Structure formats: C-alpha cells, structure tokens
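The residues making up each chain are set out below.
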Amino acid sequence: MALPKRRHSSSRQAKRRGAQKIHVPSISVCSNCKSPKLPHRVCSVCGYYKGRQVIQVKKKEKKEKK
Ligand SMILES: [Zn+2]
C-alpha cells in the first residue's frame, strides 16, 4: 500500500475537498412517455431513445392473489 512521503498542508487538503461537491443528478423528460429519465440514456419505462424503441422493456407482472 502506498504511503504519503510528506504531510499535505491543510490548504492543499481544503483545495482538494473544495473541488468535491454533491451533485444532484439532472433529470430530463422522456419524449415518448413523458416520464422522468436520465439524459443521454434509454428510457427505463418505455425503452425509447432518440424517438425509436431501442430495448424491449419487460412489463411488471402483477402477482395474482389466490
Ligand atoms: Zn419513455
């Protein structure tokens, strides 16, 4: 395991930590089903991307009560 040769100054530590921030994931709306989805990703609800169906989404089967 690598160990640091020298102690990092508190300002250097603060500069590194200042660059880290919590980011809220940006959400876009699906052009097909209008459900929220992540941008540049296939919609998980309808499987559409760029106006065409890319993946087949398995429909959730409701559990039958006996
Ligand atoms: Zn969709």
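The text that follows walks through the structure, step by step, so that each part is easy to find. (Residues numbered from 1 in each chain as written. Predicted model: local features only at pLDDT ≥ 70, side-chain atom pairs only at ≥ 80, totals over all residues. Heavy atoms only, no water.)

Bringing the side chain of S35 into the picture now. Along the chain, the position of S35 falls in the loop between β1 (28-29) and β2 (36-37). On the basis of relative accessible area, S35 is assigned to the buried category, the value being 12%. Excluding anything up to four places from it in sequence, S35 contacts S28, V29, C30, C43 and V45. (Helix = DSSP H or I, 4+ residues; strand = E, 2+ residues; numbered from the N terminus. Buried < 20%, exposed > 50% of the residue type's maximum accessible area, 1.4 Å probe, protein only. Contact = heavy atoms within 4.5 Å.)

Each angle at a metal carrying four tetrahedral donors should ideally be 109.5 degrees, and each at a metal carrying six octahedral donors should ideally be 90 or 180 degrees. Surrounding the zinc ion are the protein donor atoms C30 (SG), C33 (SG), C43 (SG) and C46 (SG), at 2.2 to 2.3 Å. One can describe the site at the zinc ion as tetrahedral: its 4 donor atoms subtend angles covering 106 to 114° at the metal. Every donor residue of the zinc ion comes from the same chain, spaced as C-x2-C-x9-C-x2-C. With respect to class, C43 is no different from C46; both count as buried. (Donors = N, O, S within 2.8 Å, 3.2 Å for Na, K, Ca; no water. Tetrahedral: all angles 85-135°; square planar, octahedral: opposite > 155°, others 65-115°.)

This part takes up a nonpolar patch on the surface. On the surface, V42, V54 and I55 cluster together to form a nonpolar patch covering roughly 210 Å² of accessible area. Relative to the helices and strands, I55 resides in the segment after β4 (52-53). On the basis of relative accessible area, I55 is assigned to the partly exposed category, the value being 41%. (Patch = residues over 30% accessible without salt bridge, like charges linked within 9 Å, V, L, I, M, F, W, Y side chains within 5 Å. Areas by Shrake-Rupley, 256 points an atom, 1.4 Å probe, with all protein chains shown as cover. Salt bridge = Lys/Arg side-chain N within 4 Å of Asp/Glu carboxyl O.)

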